[in-house]
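Close look at the chain arrangement
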Amino acid sequence: MDFIQYKKDFTHDAHKKGYLEQNIQRCLDYAEVLFAHDIPVIYNATHLSLLIGYKKEFLKKATLYPKRYYRDFEILKKNGSKRLISEPLPSLKEIQIWILRNILYKVPVSPFAKAYKPNVSMLENLRFHKNQPKVFTLDLEDFFPSIGFESVEKEFLELGYSKMVSKLLSKLCIRDGSLPQGAPTSPYLSNLIFKEADGVISDYCIQHKIRYTRYADDLSFSGDFDEKKLLDKVTETVEKLNLRINKNKTKLMTPNVRQTVTGIVVNEKPQVAFHKRNDLRQVMYYINKFGFEEHREYKEIDQKNYLEHLLGKINFVLQINPKDVEFIGYKSTLIDLKKKQDLKTMENELLAI
């Protein structure tokens with residue numbers, strides 16, 4: 001439906017309900033801005049509840065007592081420390097996905113942002129930095145936790161939503177005053193909030209002939225440039241968003257060393273680091289020689305989804321280099337094992353009936 005049809009239908013219904021002309025026009029002015037952004041018209045909490053199919057009382061409880069609607073767990077980071085993941089429970093997650101698909105995805109992010117965009121692979125982030133004189137990578141410290149309620153609310157306000165609706169939508173995406181790591185809305189919101197900073201950084205890079213991309217909290221630069229001046233510019237820019245550069249993860253890489261971007265080697269062609277590929281080679285060697293279950297038992301691996309875990313790692317290698325014949329073979333082996341595993345599970349279930 002276009003705005004002309006919406007205006008006609010809304011005016012007709014509003015007249016039948018006895019709305020004043022002044023109020024009708026105010027609603028239409030509000031709706032026209034939202035139509036221009038191709039996002040849903042939301043007048044209040046009751047209206048939102050009808051659009052997403054959840055009662056108004058549920059929305060109220062989810063915003064007042066967010067801890068009740070999340071499951072917390074920790075995952076191990078590469079450096080051995082732990083990262084807290086706050087995953088929304090299915091009901092809240094469904095609401096967040098609705099907000100993501102119907103509102104957030106309608107707003108374009110910076111072309112220099114390469115993560116969390118539909119139909120964009122990691123290769124988009126890597127191809128710009130292949131075979132360069134310098135590769136300089138920076139990491140934003142505590143990226144999601146540093147993005148607060150006001151920054152999120154500002155995004156909804158700028159789209160044209162009222163203060164009340166913007167506050168409600170923001171509270172449905174926020175937990176404990178910041179973006180929760182694990183909510184489906186957090187990644188794309190971070191891209192939108194960083195859009196202005198992406199613009200400032202990319203303008204500087206274009207002026208100085210520097211290649212720039214950002215993959216979530218990883219900023220990558222390549223070319224021939226003064227890294228100190230660049231670091232000063234980026235630091236100044238991100239601090240305006242209450243963000244900080246993680247100095248321990250700042251890396252300058254020249255051609256005589258392994259140049260990596262988001263963990264992928266980019267010296268000559270994008271490639272997963274040798275030691276990671278070698279670890280997978282070793283695992284597949286043992287599986288092929290002794291058998292999958294025998295390997296698990298010998299290595300004392302009790303991870304339930306270990307086969308899927310290995311398949312995910314091999315798929316990642318193939319995502320970076322789809323023509324890697326060796327790893328195509330490994331993938332085929334694991335898929336065959338998965339089919340046998342699934343068949344055995346089905347047989348056991350039938351026997352149990």
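For the structure itself, look to the data block above.
Read on for an overview of the structure. (Residues numbered from 1 in each chain as written. Predicted model: local features only at pLDDT ≥ 70, side-chain atom pairs only at ≥ 80, totals over all residues. Heavy atoms only, no water.)

Quick word on the overall build of the protein
Helix and strand counts for the protein stand at 15 helices and 10 strands. Counting only C-alpha atoms, the protein reaches 80 × 70 × 35 Å along its principal axes. Residues counted as buried form 42% of the 353 residues belonging to the protein. Once local pairs closer than 6 in sequence are excluded, the contacts in the protein between residues at least 24 apart make up 65%. Distance from the positive charge centre (57 side chains) to the negative charge centre (46 side chains) of the protein: 0 Å. (Helix = DSSP H or I, 4+ residues; strand = E, 2+ residues; numbered from the N terminus. Buried < 20%, exposed > 50% of the residue type's maximum accessible area, 1.4 Å probe, protein only. Contact = heavy atoms within 4.5 Å. Lys, Arg positive; Asp, Glu negative; His and termini not counted. Charge placed at Lys NZ, Arg CZ, Asp CG, Glu CD.)

Topic: helix α4 (residues 56–64)
When α4 is considered as a whole, its buried residues turn out to be Phe58, Leu59, Ala62 and Thr63. One side of α4 carries all its buried residues, which in axial view fall inside an arc of 130°. The exposed residues of α4 that point more than 90 degrees off its buried face are Glu57 and Lys60. Packing partners of the buried residues in α4 comprise α3 (45–52), α5 (90–102) and α8 (163–173). (Arc of directions from axis to C-beta.)

Here's the deal with the pairing of strand β5 (residues 218–223)
In terms of burial, β5 is a largely internal element, five of the six residues being buried. Two elements, strand β3 (residues 134–141) and β5, share six bridges in a ladder whose sense is antiparallel. Looking at the pairing, Phe136 lines up with Phe221 of β5. Pairing of strand β4 (residues 211–215) with β5, which is carried by five bridges, proceeds in the antiparallel orientation. (Pairing = 2+ DSSP bridges.)

Describing the packing of helix α7 (residues 149–159) against α8
Remark: α7 packs on α8, axes separated minimally by 8 Å, with the N-to-C direction vectors making an angle of 130°. Here α8 runs oblique to α7, going by the angle between their axes. The chirality of how α7 crosses α8 is right-handed. Along the contact surface, α7 presents Phe149, Val152, Glu153, Phe156 and Leu157, while α8 presents Lys163, Ser166, Lys167, Leu169, Ser170, Lys171 and Cys173. In terms of residue class, the contact of α7 with α8 is built from six nonpolar, two polar and four charged. (Axes fitted to C-alpha atoms, helices over the stretch in contact; angles between N-to-C directions. Parallel < 35°, antiparallel > 145°, perpendicular 65-115°, else oblique. Left-handed = near helix turned anticlockwise from the far one by under 90°. Nonpolar A, V, L, I, M, F, W, Y, C, P; charged D, E, K, R; others polar.)

Re the environment of Asn242
The residue Asn242 is located in the loop between α11 (227–239) and β6 (244–245) in this model. For Asn242, a relative accessible area of 55% translates into the label exposed.

A few points about a positive patch on the surface
On the surface, Arg83, Lys249, Lys251, Arg258, Lys276 and Lys313 cluster together into a patch of positive charge. With respect to the helices, strands and loops of the structure, Lys249 is situated in the loop between β6 and β7 (251–253). Here Lys249 falls in the partly exposed class, since its relative accessible area comes to 37%. (Patch = residues over 30% accessible without salt bridge, like charges linked within 9 Å, V, L, I, M, F, W, Y side chains within 5 Å. Areas by Shrake-Rupley, 256 points an atom, 1.4 Å probe, with all protein chains shown as cover. Salt bridge = Lys/Arg side-chain N within 4 Å of Asp/Glu carboxyl O.)

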